[in-house]
Amino acid sequence: MIEIFFQLLINGLVIGSLYALVASGFSLIYSTNKFVHFAHGGVIVLSSYFLYWASAILGWDFYVASFLTILFATLLGYCLNKVFYQPLRAKKASNSVLLVASVAILILLQSLALLIFGADVKTITLPLSNQSMNIGGVFVTPLQIIIVIISLSLFFSLRLLMQKTKIGKAMRAVADNNEVAEILGISSERIYSTSFAIGSAIAGVAAILVSLEQNITPLMGTSLIIKGFTGSVIGGIGSVPGAIVGSLFLGLAENFGTWFVSAGFKDAIAFILLFLFLLIKPQGLFGNKNNQK
């Protein structure tokens, strides 16, 4: 019984770390732009396929391909803002219009992946992906340990960026009140673009780790962004630390939930938590009623 508990705990922390990577980039973009960027899932999808194309098809060194994948994700997110969202903001489009646009872009990006790479499942395998260690009856792979370490390191770095750097403070200022930030000489549009670039770079990291831990499919972005959005709502949408904690909570809830119900209901657990928080505590665990950081 104790082995099952710790196995579910490890599995929950690993999948929660992946969710948190999705949620942290998503929440960072939301906190400054104040609209739900569902196309973030599409960035992860195309970045995953870029990694597959570079490493499996072209045969490039995996670490070179990974670096280029993060760069690709950064540029893709930046371009999405410049090409789609900035013109809409210039026309004073409401957040509802931006939300609909983000869903349309998500569908567009996933359809593009389907058109180019087909519907069959793609896999990227490294030697450490298949190894498994038995530690006191609990099975864990080196890849899973790496996922948790990279995720924690990235979260700590993101925290330092937001709290200690000039650009981080500018992003927080725009998130709090973009009109006052403009008066102080901070360009909101520049900060919007920066948040998209940083958030999408995190999506690139998520794409790499998800591609190694799971399979690559054209529609996986929808599932991932739903989990990231749920984690953000649980922790407090607009709060990056809250999104991370909420995603870890979601990962643990899904895995421990399978102790009592079939694993086929794992996705249902996420939706149940999403609806409960939206109904009972919409500001999340660490957010406020204005959903600000």
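Whatever comes next refers back to the structure up there.
On a predicted model such as this, the values are computed, not experimentally measured, just so you know. Residue positions are given per chain, counted from 1 along the sequence in the order it is written. Note on the predicted model: pLDDT of at least 70 is required for a residue's local features to be given, and 80 or more for side-chain atom pairs to be given and counted; whole-chain, interface and lining totals, by contrast, use all residues. As a rule here, side-chain values cover all heavy atoms of the structure and leave hydrogens and water aside.

**Q** Could you clarify how one ought to interpret unusual backbone geometry in this entry?
**A** Of all residues except glycine, most have a negative phi; of all peptide bonds, most are trans. In this structure, K34 is a non-glycine residue whose phi angle is positive, near 60°. We count a stretch as a helix when DSSP gives it H or I for four or more residues in a row; a strand needs E for two or more, and each element gets its number in order from the N terminus. With respect to the helices, strands and loops of the structure, K34 is situated in the loop between α1 (2-33) and α2 (40-57). By relative accessible area, which is 25% here, K34 ends up partly exposed. Positive phi values are uncommon outside glycine, yet K92 reaches one of about 60°. For K92, the position within the fold is in the loop between α3 (62-90) and α4 (95-117). Think of it in three bands: residues with accessible area under 20% of the maximum for their type are buried, residues over 50% are exposed, and the middle band is partly exposed, with areas taken using a 1.4 Å probe on protein chains only.

**Q** Would you mind going over the nonpolar core with me for this structure?
**A** A general feature of soluble globular proteins is that nonpolar side chains tend to end up buried together. The set of buried Ala, Val, Leu, Ile, Met, Phe, Trp, Tyr and Cys residues whose side-chain atoms join them within 4.5 Å is what this entry labels a nonpolar core. Counting residues in each nonpolar core, the largest one holds 76 residues, and the members touching the most others are L21, F62, Y85, I124, L212 and F229. The dominant element in this core, judged by the number of residues it contributes, is helix α9 (residues 188-213), at 12 residues. Apart from the residues lying within four places of it in its own chain, the contact partners of F62 are L51, S55, I124, L126, I208 and L212. The criterion used for residue contact is that any of the two residues' heavy atoms lie within 4.5 Å.

**Q** Looking at this model, I keep getting lost on a nonpolar patch on the surface. Mind explaining?
**A** Patch definition: residues above 30% relative accessible area lacking any salt bridge, with like charges linked at up to 9 Å and the nonpolar side chains Val, Leu, Ile, Met, Phe, Trp and Tyr linked at up to 5 Å. Here the accessible surface of atoms and residues is derived via Shrake-Rupley with a 1.4 Å probe, and residues count as covered only by protein chains that are part of the display. One speaks of a salt bridge when a side-chain nitrogen belonging to Lys or Arg is within 4 Å of a carboxyl oxygen belonging to Asp or Glu. Taken together, the side chains of M1, I2, I4, F5, F6, W259, F260, V261 and F265 present a nonpolar region at the surface, about 950 Å² in accessible area. Following the sequence through the fold, I4 ends up in helix α1.

**Q** I keep staring at helix α6 (residues 142-164) and nothing clicks. Help me out?
**A** One turn of an α-helix holds 3.6 residues; hence residues three or four places apart share an orientation. Given a helix with a known number of residues, its expected span is that number minus one, times 1.5 Å. End to end, α6 covers 32 Å across 23 residues, agreeing with the expected 33 Å (1.5 Å per residue, within 8%). By the burial criterion, the buried members of α6 are P142, L143, Q144, I147, S151, F155, L158 and M162.

**Q** Just to check I follow, could you spell out the packing of aromatic side chains for this structure?
**A** The description of an aromatic ring pair uses the distance of the two centres, along with the angle that the planes make with each other. Think of it this way: a Phe, Tyr or Trp ring, Trp meaning its six-membered ring, pairs with another when their centres are within 6.5 Å, and the plane angle makes it stacked under 30 degrees, edge-to-face over 60, tilted otherwise. Tallied over the entire structure, the rule returns 13 aromatic pairs. Through pairs of rings, three or more aromatic residues link up here, namely F5, F6, F256 and W259.

**Q** Sorry if this is basic, but what is going on with helix α10 (residues 220-235) here?
**A** Taking 1.5 Å of rise per residue, the 16 residues of α10 would be expected to cover 22 Å, and the 23 Å separating its terminal C-alpha atoms lies within 8% of that figure. Looking one or two places after α10, you find G236, whose phi comes out positive at around 120°.

**Q** Sorry, what's going on with the environment of A56 here?
**A** Topologically, A56 is positioned in helix α2. C-alpha of A56 to C-alpha of R159: the two residues are 103 residues apart in sequence and 34 Å apart in space.

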